[in-house]
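Observations on chain architecture
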Amino acid sequence: MARKVLILGVNGFIGSSLSWQILTRTDWEIYGMDMSCNKIPHCIEHERFHFFEGDITINKEWIAYHIRKCDVVVPLVAIATPSLYVKDPIRVYDLDFEANMQIVKQCVKYKKRLIFPSTSEIYGMCADKEFDEYSSNLVLGPIPKERWIYSCIKQLLDRVIWAYGAHEGLDFTLFRPFNFVGPKLDDINDAKEGSSRVVTQFIHNILHGRAIKLVDGGKQRRSFTFIDDGVDAIVRIIENKDNCASGRIFNIGNPKMDFSIRELAETLVDLVKTYPDYKHLADKVVFEEISSEEYYGSAYQDVSHRVPSVREAKERLGWEPTTDLRTMLKLTLDYHLLHQDYELNALQTK
Ligand code: UGA
């Protein structure tokens, strides 16, 4: 019988891409819930995709019923935007922790396989050159540095899920996305200063003739991962061939994509210049250095470097990311500047 996968937050950045890969690569059925469906027009039309418009904090009966009905549960609903960790930490706690813990407990109760999104943020300010799932320390700042609430919440969720696995037989996998980037990340039209992840913010600023703000000079580094590469790993986790993913934690990132935020900004500006309709905007863009305190407030603290070890994902999932920085940014820009139909474009170029 075809596998039934429940995806909560199916219209999100990861949820929408994951659904599309599942529908095109497998024979699985998807039951998906979200508050809107603007990112999944092609999925909605598909016979193996069953969408319900709802909210995980309200439609609890629908969720309980579908956890019982499905084989695998992938709860992707969470606030994952740093500016909100400092602006509205209680909301982050209520949604990311409280609402998700109820889902975790139902997976334990109904003995369902749980694929849970941990985060690269969990390593915090770890000093290791490469972050390892099983040996790296998780290093967070003091309590008034509210930025760490998200990392701390995710850490406790990871620990509780791990404990349910070890002591009550929960079949789980934790995966840690490292700065996934691609079409549909955040809404570029709505990228008010500081309200979206860095790539979307920079594209928004270029298109609106605003300065690119380099927080603390843009020396901090991230390992960016193209969404299709990242989601490929998640599909392999759900597939769980020979139980390769059960009870394991996987960093999903691209160690070859370790760039400073300044390098990211320069590459983006360079690429926008290759789009004739937008070249004039890229030509006149200016970089402005700003302190993190001024940009995010005093409750913020940054991560200076973040490179994943992907040995575990390579060995167990046979997975390796392949997309380089320019290709990733070009595909993202094509989506925003040329056409808003990434799936169709991906199909046509295959
Ligand atoms: C992100 C978020 O916490 C989550 O989305 C996720 O869990 C995780 O990391 C991930 O995607 O792996 P962060 O990497 O700090 O955290 O997210 P961004 O908001 O994309 O910022 C990246 C860096 O760019 C930060 O150092 C930030 O200060 C800088 N930045 C951001 C700027 O220099 N200028 C801006 O306009 C925006």
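Structure first, text after, so check above.
Everything quoted here is computed from the prediction, not taken from an experiment.

Criteria and cut-off values
- Residues numbered from 1 in each chain as written.
- Predicted model: local features only at pLDDT ≥ 70, side-chain atom pairs only at ≥ 80, totals over all residues.
- Heavy atoms only, no water.
- Helix = DSSP H or I, 4+ residues; strand = E, 2+ residues; numbered from the N terminus.
- Expected span 1.5 Å × (residues − 1).
- Buried < 20%, exposed > 50% of the residue type's maximum accessible area, 1.4 Å probe, protein only.
- Near = heavy atom within 4 Å.
- Polar contact = N/O pair within 3.5 Å; in protein donor to acceptor, adjacent residues only side chain to side chain.
- Areas by Shrake-Rupley, 256 points an atom, 1.4 Å probe, with all protein chains shown as cover.
- Nonpolar A, V, L, I, M, F, W, Y, C, P; charged D, E, K, R; others polar.
- Pairing = 2+ DSSP bridges.
- Axes fitted to C-alpha atoms, helices over the stretch in contact; angles between N-to-C directions.
- Contact = heavy atoms within 4.5 Å.
- Salt bridge = Lys/Arg side-chain N within 4 Å of Asp/Glu carboxyl O.
- Phe/Tyr/Trp six-rings, centres within 6.5 Å; stacked < 30°, edge-to-face > 60°.
- Lys NZ or Arg CZ within 6 Å of the ring centre and 35° of its normal.

Remarks on helix H9 (residues 261–272)
With 12 residues, H9 should reach 16 Å at 1.5 Å per residue; the first-to-last C-alpha distance of 17 Å fits that figure. All buried positions along H9 are accounted for by Ile261, Leu264, Ala265, Thr267, Leu268, Val269, Leu271 and Val272.

Quick notes on the site of the ligand
Every one of the 26 residues lining the ligand counts as a neighbour, but Ser120, Asn179, Lys213, Arg222 and Asp302 are closest to it. Alanine 80 has a polar backbone atom sitting 2.7 Å from an oxygen atom of the ligand. In the model, an oxygen atom of the ligand is placed 2.7 Å from a nitrogen or oxygen of the tyrosine 85 side chain. Compared with its free state, where it exposes 720 Å², the ligand has 97% of that area covered by protein. Counted by class, the shell around the ligand contains 14 nonpolar, five polar and seven charged residues.

Things to note about the sheet that holds strand S5 (residues 113–117)
One open sheet holds the seven strands; their spatial order is S3-S2-S1-S4-S5-S6-S11, and the pairing between them is parallel. The strands lining the two open edges of the sheet, one partner per strand, are strand S3 (49–53) and strand S11 (248–252). Taking the axes of each pair of neighbouring strands and ignoring which way they run, one obtains an average angle of 15° across the sheet. Pairing of strand S6 (residues 172–177) with S11 involves five bridges; the strand directions are parallel. Bridge pairing in S11 places arginine 176 opposite asparagine 251. Of the strands in this sheet, S5, S6 and S11 are in contact with helix H6 (residues 149–168), which crosses S6 at around 155°. Sitting on the sheet, helix H8 (residues 227–239) touches strand S1 (4–8), strand S4 (72–75), S5, S6 and S11, and the angle it makes with S11 is about 165°.

Side note on the environment of lysine 314
Residue placement: lysine 314 occurs in helix H12 (residues 311–317). Separated by 211 residues in sequence, lysine 314 and isoleucine 103 have C-alpha atoms that sit 29 Å apart. In contact with lysine 314, not counting residues within four places along its chain, are Trp319 and Glu320.

Focus on the pattern of salt bridges
Summed over the entire model, instances satisfying the criterion amount to 18 salt bridges. Between aspartate 232 and arginine 25 there is a salt bridge, and its shortest N-O distance comes to 2.9 Å. Of this pair, aspartate 232 sits in helix H8 while arginine 25 sits in helix H1 (residues 13–25), and the two are 207 residues apart along the sequence. For the salt bridge of arginine 236 with aspartate 232, the shortest nitrogen-to-oxygen distance reads 3.1 Å. Taken together, the residues span about one helical turn, with arginine 236 and aspartate 232 both in helix H8 at a distance of four residues. Classification of aspartate 232 as buried rests on a relative accessible area of 15%.

Brief notes about the packing of aromatic side chains
Using the criterion set out here, one finds eight aromatic pairs in the structure. Their ring planes at 10° and their centres at 5.0 Å tell us that phenylalanine 52 and tryptophan 62 sit as a pair that is stacked. Here the residue phenylalanine 52 occupies a position in strand S3, and tryptophan 62 occupies one in helix H3 (residues 60–69), the gap between them amounting to 10 residues. On the basis of relative accessible area, phenylalanine 52 is assigned to the partly exposed category, the value being 27%. Centre to centre, the rings of tyrosine 295 and tyrosine 296 are 4.8 Å apart; their planes meet at 80°, and the pair counts as edge-to-face. On the basis of relative accessible area, tyrosine 296 is assigned to the partly exposed category, the value being 23%. What links up through ring pairs into an aromatic cluster is the set Tyr123, Phe131 and Phe178. Here arginine 147 stacks its cationic end above the ring of tryptophan 148, 5.2 Å away from the centre of that ring.

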